[in-house]
Each structure stands twice: as structure tokens, then as C-alpha cells.
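# Secondary and tertiary structure notes
As a plain string of letters, each chain reads:
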Amino acid sequence: MKVLVVDDDFMVAKLHSRYVSAMDGFTVVGVAHSGAEALRAAERLWPDLVLLDIYLPDMDGIAVLRELRAAEERDRRPNSVDALFITAARDAGVIRAALRAGALHYLIKPFSQAALQEQLRHVASLRSRLAGMGEARQEDVDHIFGTRPPGSRGLPKGLAPHTADLVERILREHEDGLSATECAEAGALSRVSARRYLEYFATTGRAEITLRYGGTGRPERRYRWRG
């Protein structure tokens, strides 16, 4: 996934670029420090995702996103750019405007590397789900728009929806099943974390467990999606 990083602070932009580059499957294709520079870079590179600050020296990030959306319509581009706002702006009106402009999410500075990478995984999961979808179920729509009613997801305490989506995608992609170790490697997760999500899917009936017996020791638990 090609990423354009937009932030007026050179050091912050460099830090965010390093966070992105540490993720498998993500490449920083450009860095911009103003709205005009971001629009020129997007026109030239047309990234899949823009990490966008609100506070820029010439125009705010929301205006930049609106310009990107207008360019998509004008040029009839087949693939649209997704946007993730990364900003210190906490005003509820700004957050509403970002949502209405089409942002996927909004991270308030300061945040950890893990928080950004969690959002990147979510973007990858969302794009993968949409790319492989023909006819959507209501469950699919709820996942995409994040509008599932409280309690309907039923995730135990300590499990995050975005990581659950990631593990579900990995399970769906491995039709023959996989182990917790293989799932962890595929999703850049710890083995303990991957197993927690896999066991959750098994207990809710969405995944089944089989045992693979080796020469010695305990059998390996393997998980397969039941969808």
C-alpha cells in the first residue's frame, strides 16, 4: 500500500514515515509539508492512503481531502485515496468535518507507534474486504462502516475490533487452516495475541479447531474459518 505522509513538522513527518515503513505491505512514496505540496504529490503519485495533519501552513487538512475527492470525481479515477487524520486538533467540530469529508479515522497526537500501526492494519483489512466482496451481508456493512450496535460484536474485554478483523481476514485467506504461530507471522502479531483471537472465534463458532499430531509433545492446534 502506497502512503503519502503530510505534516508541517519535518521531524514529525519523518517519525510517522518510519512507523509506516516498519509495517509489512506499506511503503512511504512521498512526504509533504503543506496543503499545496500534498495536492501536487497526490496528483503525481496517487497513493492508496494519506496520513493527513489538520494544521498546515497554507490550508487545513480537511480542505486538502476535499480537493482530493474533487480530483477523483473530475478525473474519474478508478481507485480512490483513503485518508487517516493525524493531528493535535481536538475540537469536536473539526472531527465531524473530517468524518464528513471522508476520513477513515482520526488519531489525536501524541500517540504510540502501536496505535498508528493498528489503524494501518484496519485500512489494509478494509481495502482487502472491499476488493474481495461481491454482494455484501449486513455484517460486512457493519464492519466497514463501524456501525455495529453496542454489544452485538460481543468481543471480550481486551480484544480490539480492528485486530479481530485482521485475524478474521487471515483465517479467511487460509482455507486449509493455520496455527497461532502462522497467524501471528501473517498479521505481525504476538503469538499470544493471535491465539486469543483465534480461540475467541472458535468459542463463538466462527472457526473450528483441529489437532495435528507430531512425533512428540502436545498436538498443534490449527484453526479454520467456518464461513
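Heads up: these notes are all about the structure in this document. (Residues numbered from 1 in each chain as written. Predicted model: local features only at pLDDT ≥ 70, side-chain atom pairs only at ≥ 80, totals over all residues. Heavy atoms only, no water.)

So, about the overall build of the protein chain. When helices and strands are tallied, the protein chain shows nine helices and eight strands. Its C-alpha atoms give the protein chain principal-axis dimensions of roughly 65 × 35 × 30 Å. Looking at the protein chain residue by residue over its 227 residues, the buried ones come to 43%. For the protein chain, contacts bridging at least 24 residues in sequence account for 59% of all contacts bridging at least 6. Just so you have it, the protein chain exposes about 12,300 Å², and 51% of that area is on carbon and sulfur atoms. (Helix = DSSP H or I, 4+ residues; strand = E, 2+ residues; numbered from the N terminus. Buried < 20%, exposed > 50% of the residue type's maximum accessible area, 1.4 Å probe, protein only. Contact = heavy atoms within 4.5 Å. Areas by Shrake-Rupley, 256 points an atom, 1.4 Å probe, with all protein chains shown as cover.)

We now examine the packing of helix 2 (residues 35-45) against helix 3 (residues 61-75). Working note: a packed helix pair is described by the angle between its axes plus the distance between those axes. Two elements in contact, helix 2 and helix 3, have axes whose closest approach is 10 Å; the angle formed by their N-to-C orientations is 30°. Here helix 3 runs roughly parallel to helix 2, going by the angle between their axes. Like other packed secondary-structure pairs, helix 2 and helix 3 cross with a definite hand, here right-handed. Taking contact as the criterion, the partners of Gly35, Ala38, Leu39, Ala42 and Glu43 in helix 2 are, on helix 3, Val64, Glu67, Leu68 and Asp75. A breakdown of the residues in the contact of helix 2 with helix 3 according to their chemical character gives five nonpolar, one polar and three charged. (Axes fitted to C-alpha atoms, helices over the stretch in contact; angles between N-to-C directions. Parallel < 35°, antiparallel > 145°, perpendicular 65-115°, else oblique. Left-handed = near helix turned anticlockwise from the far one by under 90°. Nonpolar A, V, L, I, M, F, W, Y, C, P; charged D, E, K, R; others polar.)

So, about the pairing of strand 2 (residues 27-32). Across five bridges, strand 1 (residues 2-6) lies against strand 2 in parallel orientation. Looking at strand 2, one finds that Val3 is bridged to Val28. Between the parallel pair strand 1 and strand 2, the chain is carried across by helix 1 (residues 10-21), and the sense of this crossover is right-handed. (Pairing = 2+ DSSP bridges. Right-handed = clockwise from strand over helix to strand, strands pointing away.)

The next subject is the packing of aromatic side chains. Any pair of aromatic rings gets described here by the distance separating the centres and the angle formed by the planes. Per the stated rule, a full pass over the model turns up three aromatic pairs. Their ring planes at 50° and their centres at 5.4 Å tell us that Tyr200 and Phe201 sit as a pair that is tilted. Accessibility expressed as a relative area gives 5% for Tyr200, which makes it buried. Phe201 gets classed as buried once you look at its relative accessible area, which sits at 0%. What links up through ring pairs into an aromatic cluster is the set Tyr200, Phe201 and Trp225. (Phe/Tyr/Trp six-rings, centres within 6.5 Å; stacked < 30°, edge-to-face > 60°.)

Further remarks concern the sheet that holds strand 8 (residues 220-225). Spatial ordering of the open sheet is given by 6-8-7, a layout of three strands whose pairing is antiparallel. Taken across any chain shown, the strands that pair with only one partner, and hence form the sheet edges, are strand 6 (178-179) and strand 7 (207-212). Pairing analysis gives two bridges linking strand 6 to strand 8, with the strands arranged antiparallel. Across the sheet, the residue bridging to Leu178 is Tyr223, located in strand 8. Packing of helix 7 (residues 161-173) onto the sheet brings it into contact with strand 6, strand 7 and strand 8, and relative to strand 8 it is tilted by some 90°.

On to the sheet that holds strand 4 (residues 82-87). Sheet strands pair by backbone hydrogen bonding; their relative direction is either parallel or antiparallel. One open sheet holds the five strands; their spatial order is 2-1-3-4-5, and the pairing between them is parallel. Bordering the open sheet on either side are strand 2 and strand 5 (105-108), each of which pairs with just one other strand. Across this sheet, the average inter-strand angle for adjacent strands is 20°, counted without regard to direction. Of the strands in this sheet, strand 3 (49-52), strand 4 and strand 5 are in contact with helix 5 (residues 113-131), which crosses strand 4 at around 165°.

This next bit is on the side chain of Arg121. Looking at where Arg121 falls in the secondary structure, it is placed in helix 5. At 3.4 Å, the side chain of Arg121 and the backbone oxygen of Gly187 are in polar contact. Once you skip the residues sitting within four places of it in the chain, Arg121 turns out to touch Met23, Leu166, Gly187, Ala188 and Leu189. (Polar contact = N/O pair within 3.5 Å; in protein donor to acceptor, adjacent residues only side chain to side chain.)

The end-to-end C-alpha distance of helix 3 is 21 Å, a good match for the 21 Å that 15 residues give at a rise of 1.5 Å each. Among the residues of helix 3, Gly61, Ile62, Val64, Leu65, Leu68, Ala71 and Glu72 are the ones counted as buried. Contact partners of the buried residues in helix 3: helix 2, strand 3, strand 4 and helix 4 (92-101). Positive backbone phi, at 50°, marks Arg76, one or two positions downstream of helix 3. (Expected span 1.5 Å × (residues − 1).)

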